[in-house]
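So the chains spell out like this:
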Amino acid sequence: MCTLEKRGDLFLLTLTGDDEHRFHPDTISSVLSLLEQAKSQSTRGSVLITTAHGKFFSNGFDLAWAQAAGSQTGAVNRMHQMVESFKPVIAALFDLPMPTIAALNGHAAASGLMFALSHDYVFMRNDRGVLYMSEVDLGLPLPDYFAAMFAAKIGTSIAKRELLLSGKKIKGEEAVALGIVDSAAHDSVEGVVEATVSLGESLAAKKWNGEVYASIRKSLYPGLCAMLSVTDKIAASP
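Keep in mind that this is a model prediction, so the values were computed, not measured.

A. Layout of the nonpolar core. Counting residues in each nonpolar core, the largest one holds 62 residues, and the members touching the most others are Phe86, Leu131 and Leu163. No other element matches helix 3 (residues 72-95), which puts 10 residues into this core. Within the second largest apolar cluster, 14 residues are counted, among which are Phe123, Val192, Ala195 and Leu203.

B. Empty space enclosed by the protein, seen in detail. This structure, assessed with the given rule, holds 1 cavity of 30 Å³ or more. For the largest cavity, the calculated volume is near 50 Å³. In terms of lining residues, the largest cavity is bounded by Thr43, Gly45, Ser46, Pro97, Met98, Pro99, Leu203, Ala204, Trp208, Gly210 and Tyr213. Contributing elements (two or more residues each) for the lining of the largest cavity: helix 9 (189-204) and helix 10 (210-220). Counted by class, the lining of the largest cavity contains 7 nonpolar, 4 polar and no charged residues.

C. Structural context of the sheet that holds strand 5 (residues 100-103). One open sheet accounts for 5 strands, arranged 1-2-3-5-7; its pairing is mixed. Where the open sheet ends on each side, the last strands, each with one partner, are strand 1 (2-7) and strand 7 (121-123). Each neighbouring strand pair of the sheet contributes to a mean axis angle of 20°, computed without reference to strand direction. In the sheet, strand 1 pairs with strand 2 (residues 10-15) via 6 bridges, with the strands oriented antiparallel. Counterpart to Lys6 in the pairing with strand 2 is Phe11.

D. Region of the structure containing a nonpolar patch on the surface. On the surface, a cluster of nonpolar side chains totalling about 270 Å² of accessible area is made up of Val212, Ile216 and Leu220. On the accessibility criterion, Val212 (37% relative accessible area) is partly exposed.

E. How the structure looks around the packing of aromatic side chains. All chains considered together, the criterion is met by 9 aromatic pairs. Seen in terms of ring centroids, Tyr145 and Phe146 are 5.0 Å apart; in terms of plane orientation they differ by 75°. Their pairing is edge-to-face. Tyr145 gets classed as buried once you look at its relative accessible area, which sits at 1%. Taking relative accessible area as the criterion, Phe146 reaches 1% and is therefore assigned buried. Note on Trp208 and Tyr213: the rings are 5.7 Å apart at their centroids and 20° apart in plane angle, and the pair reads as stacked. For Trp208, a relative accessible area of 38% corresponds to the partly exposed category. Residue classification places Tyr213 among the buried residues on the basis of a relative accessible area of 19%. Joined through ring pairs, the aromatic side chains of Phe23, Phe57, Phe61, Phe86, Phe115, Tyr145 and Phe146 make up one cluster. In this arrangement the basic side chain of Arg78 is found over the ring face of Trp65, its NZ or CZ atom lying 4.4 Å from the centre.

Conventions used here
- Residues numbered from 1 in each chain as written.
- Predicted model: local features only at pLDDT ≥ 70, side-chain atom pairs only at ≥ 80, totals over all residues.
- Heavy atoms only, no water.
- Core = buried A, V, L, I, M, F, W, Y, C linked by side-chain atoms within 4.5 Å.
- Buried < 20%, exposed > 50% of the residue type's maximum accessible area, 1.4 Å probe, protein only.
- Helix = DSSP H or I, 4+ residues; strand = E, 2+ residues; numbered from the N terminus.
- 1 Å grid on protein atoms, 1.4 Å probe; cavity = no way out; pocket = protein on both sides within 12 Å on 5 of 7 lines; lining within 4 Å.
- Points joined across faces, edges and corners; volume = space filled by probe spheres on them.
- Nonpolar A, V, L, I, M, F, W, Y, C, P; charged D, E, K, R; others polar.
- Pairing = 2+ DSSP bridges.
- Axes fitted to C-alpha atoms, helices over the stretch in contact; angles between N-to-C directions.
- Patch = residues over 30% accessible without salt bridge, like charges linked within 9 Å, V, L, I, M, F, W, Y side chains within 5 Å.
- Areas by Shrake-Rupley, 256 points an atom, 1.4 Å probe, with all protein chains shown as cover.
- Salt bridge = Lys/Arg side-chain N within 4 Å of Asp/Glu carboxyl O.
- Phe/Tyr/Trp six-rings, centres within 6.5 Å; stacked < 30°, edge-to-face > 60°.
- Lys NZ or Arg CZ within 6 Å of the ring centre and 35° of its normal.

Any functional reading would require information that these geometric values do not contain.
Quick look at the structure:
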């Protein structure tokens, strides 16, 4: 399902297996547990890198599990359960006392893209993988904290339109041009992971105070963090 490996100052969180890495309640619980583990073991210089195996980084919530409820009401309730249980995962990433980097091995869609954008840096491949917000195609409204994330993290109205209102599958070079991801100059999963490890090591070498780093991160997105119930526990400097 997912693993957490510590390599020196780097924590490597990996969604394992060759499936679509859909966020089922069990997967959500597992990811949250590993983020809490990384937080508890963090020291000065810690960095988190998140990646996945196979063709997909994550293809979003487990819609098949929701539909298997057997009724429309049951499906809606299961979707609501996933939306609500996923919120603490996003909150945990914003509260994590270390820089965070997403290494997209492949496609990132819907809540899978939300998960990626919750990191401080996002790297893509240039040979495979798209960013896709499927909600407009599926007729699903955006959860409030999803909308707040995109308002906070996506800089221009054009980028928001292309990502959220067009049903477009955005490839790496365009994602960089739109300011959605940081880099797409990598032609293999090994290449994108190597690039994020290199960045991670350079950030780790700075030996920043993780609590201060997280405090500054949260101060950049006050509305989103309020919605996520993520509070800043460090008093402001005089």
